[in-house]
Structure formats: C-alpha cells, structure tokens
Amino acid sequence: MIVRVWISGYDATRLDDFIDFARDRLEPFFRDQDGCLGCMFNYDAEQWRTVSYWRDMAAIDAVKTSPVYHEILEDLVASGMLAGSQSVRTMNVAGGRLYAPLPL
C-alpha cells in the first residue's frame with residue numbers, strides 16, 4: 001500500500017470553503033478511483049494536507065491522466081483558496097491500523 005500526501009498552503013479565511021470543496025469534490029473523486037483505498041483531509045494554521053491511501057503506484061499514476069483530476073485541480077487553483085507552494089510525497093506503508101471508527 002502507498003500513502004500519497006498532497007501539501008499546500010491555504011487562505012485560512014477560506015477554510016470552510018476548502019472543507020466544503022474537499023467534501024463535495026475531492027472525496028467523491030477519490031472514492032471513484034480504482035485502487036484508492038481511502039482519503040483523509042487534514043489542516044493546521046498554515047497547511048492543508050490531503051492524505052490518500054492506494055493499492056499501488058500504478059493506481060496513483062493512472063489518476064494523473066484523469067480529465068476529472070485535472071478539472072478539479074484547475075478549479076481549486078482558480079478558487080483562490082490556495083496560498084504558497086504545493087508538494088506531493090508518496091511513501092510505502094510499513095504497517096499499522098485503525099482501532100476504532102473515526103468520529104467524522
């Protein structure tokens with residue numbers, strides 16, 4: 001399993017808009033991707049992180065050619081919610097598990 005972490009600065013005055021965008025656009029997108037096992041959206045005072053869990057690198061690579069993925073990115077950039085630079089990290093999962101349902 002691979003974890004992909006997208007990190008970006010964001011406009012803190014638009015946090016509610018970003019959360020809505022994640023719920024309405026990002027979560028359904030990830031849910032529909034073959035090989036995506038789940039995603040979580042995280043933030044602190046300065047950065048937004050989208051953490052997604054994937055079966056393998058081939059599944060991640062397939063998303064890069066998705067027209068829907070590119071449309072979502074274009075809409076996110078045009079929204080004015082992002083600030084600063086963005087970066088992506090991918091890491092192999094060594095182990096671990098969730099011990100209870102998440103209170104979302």
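The coordinates are above.
This structure is a prediction, so every number in the text was calculated from the model and none was measured.

Trainee: Lay out the overall build of the chain in plain terms, naming residues and giving numbers.
Mentor: Broken down by element type, the chain carries 3 helices and 4 strands. In the chain, the succession of α and β elements from N to C terminus is β-α-β-β-α-α-β. Here the C-alpha radius of gyration of the chain, 14 Å, is about what a compact globule of 104 residues would show, namely 13 Å. Its C-alpha atoms put the chain at 35 × 35 × 25 Å along the principal axes. Taken over 104 residues, the chain has a buried fraction of 33%. Intrachain contacts of the chain at a sequence separation of at least 6 include 72% that bridge at least 24 residues. A total accessible area of about 6700 Å² is found for the chain, and carbon and sulfur atoms account for 54% of it. If you average the places of the 10 positive and of the 15 negative side-chain charges in the chain, the two averages end up 7 Å apart.

Trainee: A description of the nonpolar core should follow, citing residues and the corresponding values.
Mentor: One finds Phe 18, Phe 30, Trp 48, Trp 54 and Leu 76 to be the most contacted residues of the largest nonpolar core, which totals 22 residues. Ranked by residues supplied to this core, first place goes to helix α1 (residues 15–31) with 7 residues. Those residues in contact with Trp 48 that sit more than four places away from it in its chain are Trp 6, Ile 7, Ser 8, Tyr 10, Leu 15, Phe 18, Ile 19, Ala 22, Phe 41, Asn 42 and Tyr 43.

Trainee: Just give me the short version of the pattern of salt bridges, but keep the residues and values in it.
Mentor: Within this structure, the stated rule accounts for 10 salt bridges. With a closest N to O distance of 3.8 Å, Arg 25 and Glu 71 form a salt bridge. Of the two residues, Arg 25 is situated in helix α1 and Glu 71 in helix α3 (residues 67–78); the sequence distance between them amounts to 46 residues. On the accessibility criterion, Arg 25 (27% relative accessible area) is partly exposed. Under the relative-accessibility criterion, Glu 71 is labelled partly exposed at 44%. Each member of the salt-bridge network shares a partner with another, and the members are Asp 20, Arg 23 and Asp 24.

About the cut-offs
- Residues numbered from 1 in each chain as written.
- Predicted model: local features only at pLDDT ≥ 70, side-chain atom pairs only at ≥ 80, totals over all residues.
- Heavy atoms only, no water.
- Helix = DSSP H or I, 4+ residues; strand = E, 2+ residues; numbered from the N terminus.
- Rg over C-alpha atoms; globule rule 2.2 N^0.38 Å.
- Buried < 20%, exposed > 50% of the residue type's maximum accessible area, 1.4 Å probe, protein only.
- Contact = heavy atoms within 4.5 Å.
- Areas by Shrake-Rupley, 256 points an atom, 1.4 Å probe, with all protein chains shown as cover.
- Lys, Arg positive; Asp, Glu negative; His and termini not counted.
- Charge placed at Lys NZ, Arg CZ, Asp CG, Glu CD.
- Core = buried A, V, L, I, M, F, W, Y, C linked by side-chain atoms within 4.5 Å.
- Salt bridge = Lys/Arg side-chain N within 4 Å of Asp/Glu carboxyl O.

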